[in-house]
Amino acid sequence: MSSFKRKSAKHSGTLPGTRPSPGSVATLLTSTGIPSLDDVLGGGLPLSCSLLVAAPDPHSSYGELVQKYFIVQGLVSSQDVLLIDDNPLDFVKGCMWTTSDLNCKVFGEEEEERSDERIKIAWRYESMKQFQTTVGQSIANTENFCRAFDLTSRIPDSVIQRALYSKQLEVCDVTSFQSTALVLSEVVSRIEQILASRSKTTPLRICLPALGSPGWGDSSSEDLLHFLRRTRMLVRRHTNACLSISLPPHLSVEDWSGRGWIEKIGWSTDALITLAAFTANPSMTSLFPSHHGLVHIHTLPAPFTFLPPSDKFSLLRGLSAAADSSGSGENNLAFKCTRKRFIIETMHLDLEGGISERRTNPSSTAREFTGTKLIETSGERAGVPKAGLANVEVELEEEKVRAEQSTNPTAPVSGKGSTQGQAMTETGVPSRRKVNKPKKKVGFQTDRPDVYDF
Amino acid sequence: MFSPFDLPDGIFLLITDELAAPADFALISSLISHLKCFNKTKIIYLSILESWNRLQSLCTKSGINLSPRSVSETLHFIDVLSHLPRLNTNEAPSLRIIYDLVAGILEGRQGGMIILDDISSLEWTGHSLEDLSRFCRALRVLCLKTKTTLIVRHHILAPNEPDELLRRLQQICSYHMDVRPLSSGRSGAVSGEIALHAGPSLLGSDSRPESVQVKLLSRQRALQYRLTDSDVVFFERGSSRGVL
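Treat the numbers as computed from the prediction; the structure is a model and nothing was measured.

1. Observations concerning the overall build of chain A
Now for step 1: What chain A contains, in helices and strands, is 13 helices and 19 strands.
Now for step 2: Counting across all 454 residues of chain A, residues that qualify as buried make up 50%.
Now for step 3: The long-range fraction of contacts in chain A, counting pairs at least 24 apart against all pairs at least 6 apart in sequence, stands at 72%.
Now for step 4: Carbon together with sulfur atoms contributes 52% to the accessible area of chain A, which is approximately 22,000 Å² in total.

Spelled out as structure tokens, the structure:
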């Protein structure tokens, strides 16, 4: 028996719903309930850190949606939740709940996205793995760290009652305070009191879904910044608590209370992310029809390091050395809210981007090309309406094709010799043009007007 | 002061940064550098944002254990917010308490370091410009009397529009370290760049020994840096040494 033992974190697994940070075993991460947001944060929200979500769009409430994920993730993973709001019970009742089928499409792409798998675009793209624009999660992680939630299902009342009875869920109604002028200081005192009286065996999630909304009274920017700093320092001192806050739309704009408001709140929290939805801007909606808004990352948690772990481990941001775009800039991120879930994904042109390397390798199966027309051999596309498909046109010089045929009769292009020959005769006379350098032109045509040539 | 800047002791260093390029590393590198050079001088860390746990963790990774120094009272970590009036009170916040605290610690001592992290937060939480200017001037005078290095961090909100507080700080500082993000956005290979300017008290005084040794860096010749977990790597702009 070997005397060597694997070095592992002592506290790993002792706190429910947490896991050590991939960069440092001293840092425990907890999930926000949204796998892609966890990835942006560097694996999850570290305990003792605060997250602030700004949602400046007045016609949507994506900030509150993130907080609902945060609450139900805490309830599901047996963590304690402290909800501070002007109507906390109604807020909890509006939360989503877990999906029963773990292998359902919550983890994969949506049904309509899956239908793309049947499309044969071109032989050289056949062996490529499916294009990914966001991160999923493994089933193993799901059980322990981040569960799958379904936006179409609601949290059962029995779960809420049980959580309230067992004090797993504690609610604090800000309208119950006697003086609206002292709401912020009362809330700080309440958080301080709760943190001081707790045991360290269960993580506590503190959630403020609408800090500064009318129910909180009339607070100045100085008061709000002071509040953010004090709560941040409180959470920092208690290593088994984390804090998630959303700001209402009127407090999420850049110029509230003068210049640089977003920078000021960014300095006052560990992580600040803006979810800028398109609903108020029809031109953005038409520009990015598959997304509902942009994700702006202002600051990210770095509890014990200079460099935020997200810079090293986030696949979506693409700054890490392992990423395909190492050394280049950060990926643009956008979010969308489908019928079942909220997703953050990379935003890019149709042919580039994504979170994984896409490399084209020669396919083992051959296709015939002649002139500018693609000859179908397998008949796989028969019956599929052309309008909904991505058509690919490949142009090759005839001389090059013929040269390859003559020099290497077993080359992939002429692999099915008889069919190829037949195709050549069917498609007319080959071009006699002489060019110094063989040109290769690939045009991707979708049902949208954008065409890229390279 | 930390390499490659090697600033002399006893100066007033103003460090400005932006949200996309925080200057935590500059403050903590200065602290570590001072702790490695001087064992028994007093160091006062006036913190508004930084937590003791994070500071301790970062210093431990550089081979410095802060706990014994805190016990022996050569290092004082002061949470400024806990000494100031609470929220929503009508009491006028005064920084006199903090100044008295610092002056009491430095009494009868020579050499040392005061780090104020950061002054912008005090302004944003309701302290007047006059109060902050007076506080900084008072700290500067105290440092001159006790030959103590003063480092003040200031967050810039709008890069091209210096605020009034920054103008006043620039008037009394010895050096201004300008930490900025890349204009092209975040990158995995370059975290940001640093320029070093001389303050008005040093301009035109090339004969002063401290100004002769320091190599100033304009924004056009700014030094680029890349952050790691507990360290920072500097390299010249346009070279691939820091990237490859």
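2. Observations regarding the packing of aromatic side chains
Now for step 1: Evaluation of the coordinates by the stated rule reveals 12 aromatic pairs over all chains.
Now for step 2: Their ring planes at 40° and their centres at 6.2 Å tell us that A:Tyr62 and A:Phe342 sit as a pair that is tilted. Within this pair, whereas A:Tyr62 is found in helix α2 (residues 62-76), its partner A:Phe342 is found in strand β14 (residues 342-346), the two being separated by 280 residues in sequence.
Now for step 3: On the basis of relative accessible area, A:Tyr62 is assigned to the buried category, the value being 14%.
Now for step 4: Ring geometry for B:Phe25 against B:Tyr225: centres 4.5 Å apart, planes inclined by 35°, an arrangement best described as tilted.

3. Regarding the confidence of the model for chain A
Now for step 1: Averaged over every residue, the pLDDT of chain A is 75; the share at 70 or more is 63%.
Now for step 2: Confidence over residues 409-431 of chain A falls short of pLDDT 50; this stretch has 28 contacts with residues more than four positions distant or in other chains.

4. A short note on the sheet that holds strand β4 (residues 112-117) of chain B
Working definition: the strands of a sheet are paired by backbone hydrogen bonds and lie parallel or antiparallel to each other.
Residue and element names in this part refer to chain B.
Now for step 1: Taken together, 9 strands build an open sheet; the order of strands is β3-β2-β4-β5-β1-β6-β7-β8-β9 and the sheet is mixed. Among the strands making up the open sheet, the edge pair consists of β3 (75-79) and β9 (232-236). For this sheet, the mean inter-axis angle between neighbouring strands, taken without regard to orientation, is 20°.
Now for step 2: Pairing geometry for β4 and strand β5 (residues 149-155), over 4 bridges, is parallel. Of the residues in β5, the one forming a bridge with Ile114 is Leu150.

5. A few points about the environment of B:Pro162
Now for step 1: Locating B:Pro162 in the fold gives a position in the loop between β5 and α8 (164-172).
Now for step 2: Taking C-alpha positions, B:Pro162 is 14 Å from B:Met177, a pair spaced 15 residues apart along the chain.

6. Describing unusual backbone geometry
Residue and element names in this part refer to chain B.
Now for step 1: Here the residue pair Asp117 and Asp118 is connected by a cis peptide bond, since its omega of 5° sits within 30 degrees of zero.
Now for step 2: Structurally, Asp118 is set in the loop between β4 and α6 (119-124).
Now for step 3: Even without a glycine there, the phi angle at Glu73 is positive, about 60°.
Now for step 4: By the element assignment, Glu73 lies in the loop between α3 (66-71) and β3.

7. Examining the packing of helix α8 (residues 221-237) of chain A against helix α9 (residues 261-268) of chain A
All names here are of chain A.
Now for step 1: Here α8 crosses α9 at 25°, and the two axes come no closer than 9 Å. In this view, α8 runs roughly parallel relative to α9, as classed from their interaxial angle. Along the contact surface, α8 presents Ser221, Leu224, Leu225, Leu228, Arg229 and Arg232, while α9 presents Trp261, Lys264, Ile265, Trp267 and Ser268.
Now for step 2: Looking at side-chain class alone, the contact of α8 with α9 contains 6 nonpolar, 2 polar and 3 charged residues.

8. Quick notes on the state of the cysteines
Now for step 1: Here the structure, examined in full by the defined rule, presents 0 disulfides over all chains.
Now for step 2: Unpaired in this structure, A:Cys337 has its nearest cysteine sulfur neighbour in A:Cys95, at a distance of 14 Å.
Now for step 3: Here B:Cys136 stays free of any disulfide, with the sulfur of B:Cys143 as its closest cysteine sulfur at 10 Å.
Now for step 4: Overall, the relative accessible area of 2% leaves B:Cys136 in the buried class.

9. Looking at the interface of chain B and chain A
Now for step 1: Between chain B and chain A, the residue contacts involve 41 residues of the former and 42 residues of the latter.
Now for step 2: The tally of links between chain B and chain A comes to 4 salt bridges.
Now for step 3: Salt-bridge contacts for B:Arg186 lead to A:Glu330; the nearest nitrogen and oxygen are separated by 3.3 Å.
Now for step 4: Where chain B packs against chain A, one counts 11 residue pairs in polar contact (both at pLDDT 80 or more).
Now for step 5: At the level of secondary structure, the elements contributing two or more residues to the side of chain B that touches chain A comprise α1 (24-37), α2 (52-61), α6 and β5 of chain B.
Now for step 6: By residue number, the principal contributor to the side of chain B that touches chain A is α2(B), which donates 5 residues.
Now for step 7: A breakdown of the residues in the side of chain B that touches chain A according to their chemical character gives 15 nonpolar, 12 polar and 14 charged.

Conventions we followed
- Residues numbered from 1 in each chain as written.
- Chains lettered and ligands numbered in written order.
- Predicted model: local features only at pLDDT ≥ 70, side-chain atom pairs only at ≥ 80, totals over all residues.
- Heavy atoms only, no water.
- Helix = DSSP H or I, 4+ residues; strand = E, 2+ residues; numbered from the N terminus.
- Buried < 20%, exposed > 50% of the residue type's maximum accessible area, 1.4 Å probe, protein only.
- Contact = heavy atoms within 4.5 Å.
- Areas by Shrake-Rupley, 256 points an atom, 1.4 Å probe, with all protein chains shown as cover.
- Phe/Tyr/Trp six-rings, centres within 6.5 Å; stacked < 30°, edge-to-face > 60°.
- pLDDT = per-residue confidence, 0-100.
- Pairing = 2+ DSSP bridges.
- Axes fitted to C-alpha atoms, helices over the stretch in contact; angles between N-to-C directions.
- Parallel < 35°, antiparallel > 145°, perpendicular 65-115°, else oblique.
- Nonpolar A, V, L, I, M, F, W, Y, C, P; charged D, E, K, R; others polar.
- Disulfide = S-S within 2.5 Å.
- Salt bridge = Lys/Arg side-chain N within 4 Å of Asp/Glu carboxyl O.
- Polar contact = N/O pair within 3.5 Å; in protein donor to acceptor, adjacent residues only side chain to side chain.

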